[in-house]
Structures are given as structure tokens and as C-alpha cells.
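A structural walkthrough
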Amino acid sequence: MPNPDKWTALEERMEKLGISADDLTEKFIRGSGHGGQKINKTSSCVYLKHEPSGIEIKCQAERSRELNRFIARKELCDRIEEIQLGKKSARQQEREKIRRQKRRRSRRAKNRMLDDKSKHAQKKNLRKPPGRYD
């Protein structure tokens, strides 16, 4: 369970963003996925809906219902803040960064990179003492 200071900070953030408790529909549902009997018996998964914006969040990150309530509200604040400020969330920026890293290089960029590698290898070979070539 998160400490009271974190709850008050979250409530202040919600108030600042204009999210009131009356606007939220909260349900506790049974979780799904791995976990065996425990997950099938307890309703620790939190379903949160913000009526004005229509944002729906399901949180099943932890075994504790209270902690899932906290995480769901935090996620709701993040999404609404993202919409209001029009900026990309840190998670979205991270996703885009990974996508850029995995993207295939153009043929020209690949050739340039390989040329630089071969030049570097030649430079290192010239540093070796004479008569010793591996």
C-alpha cells in the first residue's frame, strides 16, 4: 500500500488536472493471466473510467487492490496531462526512441559506417609492431 504522502500528492495532482472523484467510475474485477488460483479468486484488478474524457484504465500490476487503485489513478493523470499539454509522454518518447534505433539504415549510411570501421581497423593495424600480424 502506498504511503499517505504519495496519496495526498496524487490527489493534489488530480485536483490540479481537474479530475474529481465524482467523475470516476471504479470497479474491482477479477484479474486474468498467470497466477493460478489466487488471481482467479480475488478481485484485485481495478477498472477506472473517467466519464468526461472517456478514458478507461485497467490495472492489474500488483497483487494488492489498494496499490492497483493508486497505479490506475496515476496512469489516468498521466494520460490526461498528455492530452491537455499536447506533449508526448515519457513512455511514448521511449517507444519512439527504440523504434528509431531498430530501424534499418539506408544503404548510404550503412556503407559510410562500414568504411569508417575499415579505416579504424587499418589505423589499429598500423599501431602493431612490425612482423606481428594476427
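Being a predicted model, the structure only gives us computed values, none of them experimental. (Residues numbered from 1 in each chain as written. Predicted model: local features only at pLDDT ≥ 70, side-chain atom pairs only at ≥ 80, totals over all residues. Heavy atoms only, no water.)

1. Section: the UniProt feature "domain: Prokaryotic-type class I peptide chain release factors" (unreviewed entry) in the chain
For clarity, the threshold we go by: UniProt positions are given in the numbering used here, feature names are shortened, and annotations may be inferred rather than shown by experiment. Strands here mean DSSP runs of E at least two residues long; helices mean DSSP runs of H or I at least four residues long; both are numbered from the N terminus.
Taking the numbering used here, the UniProt-annotated feature "domain: Prokaryotic-type class I peptide chain release factors" (unreviewed entry) corresponds to residues 17–126. Helix makes up 55% of residues 17–126 and strand 15%, and the two end C-alpha atoms of the span are 63 Å apart.

2. Quick look at the packing of helix α1 (residues 4–17) against helix α3 (residues 65–85)
In a packed pair of helices, the relevant descriptors are the angle between the two axes and the axis-to-axis distance. What counts, and what does not: For helices, the fitted axis covers only the stretch in contact; all axes are lines through C-alpha atoms, and the angles between them, taken along N-to-C directions, range from 0 to 180 degrees. Oblique is the label for every angle not falling under 35 degrees (roughly parallel), over 145 degrees (roughly antiparallel), or within 65 to 115 degrees (roughly perpendicular). For any pair of crossing helices, the crossing counts as left-handed if the nearer helix is rotated counterclockwise from the farther one by less than a right angle, and right-handed if it is rotated clockwise. In what follows, a contact means two residues having at least one pair of non-hydrogen atoms within 4.5 Å. Residue polarity is assigned by list, with Asp, Glu, Lys and Arg as charged and Ala, Val, Leu, Ile, Met, Phe, Trp, Tyr, Cys and Pro as nonpolar; anything else, Gly included, falls into the polar class.
Where α1 contacts α3, the axes come no closer than 10 Å and their chain directions differ by 30 degrees. As the angle between them shows, α1 and α3 are arranged roughly parallel. At the point where α1 passes α3, the crossing takes the left-handed sense. For the pair formed by α1 and α3, the contact residues are Lys6, Trp7, Leu10, Arg13, Met14 and Leu17 on the first element and Glu66, Arg69, Phe70, Arg73, Lys74, Cys77, Asp78, Glu81 and Gln84 on the second. In terms of residue class, the contact of α1 with α3 is made up of 6 nonpolar, 1 polar and 8 charged.

3. Topic: the sheet that holds strand β3 (residues 55–59)
For sheets, the rule is that strands pair by backbone hydrogen bonds, running either parallel or antiparallel. Keep this limit in mind: A pair of strands is considered paired only if DSSP assigns at least 2 bridges between the two.
Strand order across the open sheet formed by 3 strands is β1-β2-β3, with antiparallel pairing between neighbours. Here the strands that pair on one side only, and so sit at the sheet edges, are β1 (24–29) and β3. Direction aside, the axes of adjacent strands within the sheet are offset by 15 degrees on average.

4. A few points about the nonpolar core
This is how the line gets drawn: Only buried Ala, Val, Leu, Ile, Met, Phe, Trp, Tyr and Cys residues count toward a nonpolar core, and they belong to the same one when joined by side-chain atoms within 4.5 Å. Throughout, exposure labels follow a simple rule: accessible area from a 1.4 Å probe, protein chains only, divided by the maximum for the residue type, with under 20% read as buried, over 50% as exposed, and the rest as partly exposed.
Ranked by size, the top nonpolar core spans 16 residues in total, and within it Ile19 and Leu76 carry the most contacts. It is α3 that contributes the most residues to this core, 5 residues altogether. Not counting residues within four places of it along the chain, the set of residues in contact with leucine 76 comprises Ile19, Leu24, Leu48, His50, Ile55 and Ile57.

5. Topic: the pattern of salt bridges
Stated formally: Salt bridges are identified by distance alone: a Lys or Arg side-chain nitrogen within 4 Å of an Asp or Glu carboxyl oxygen.
This model, assessed by the stated rule, comprises 7 salt bridges. Where lysine 49 meets glutamate 56, a salt bridge forms, and the shortest distance between an N and an O atom there is 3.7 Å. Glutamate 75 is the partner of arginine 79 in a salt bridge, and the nearest nitrogen-oxygen pair spans 3.2 Å. Within this pair, arginine 79 and its partner glutamate 75 are both found in helix α3, separated by 4 residues, close to a single helical turn. The exposure class of arginine 79 is partly exposed, given its relative accessible area of 33%. Here the residues in one salt-bridge network are Glu26, Glu66, Arg69 and Arg73, joined through shared partners.

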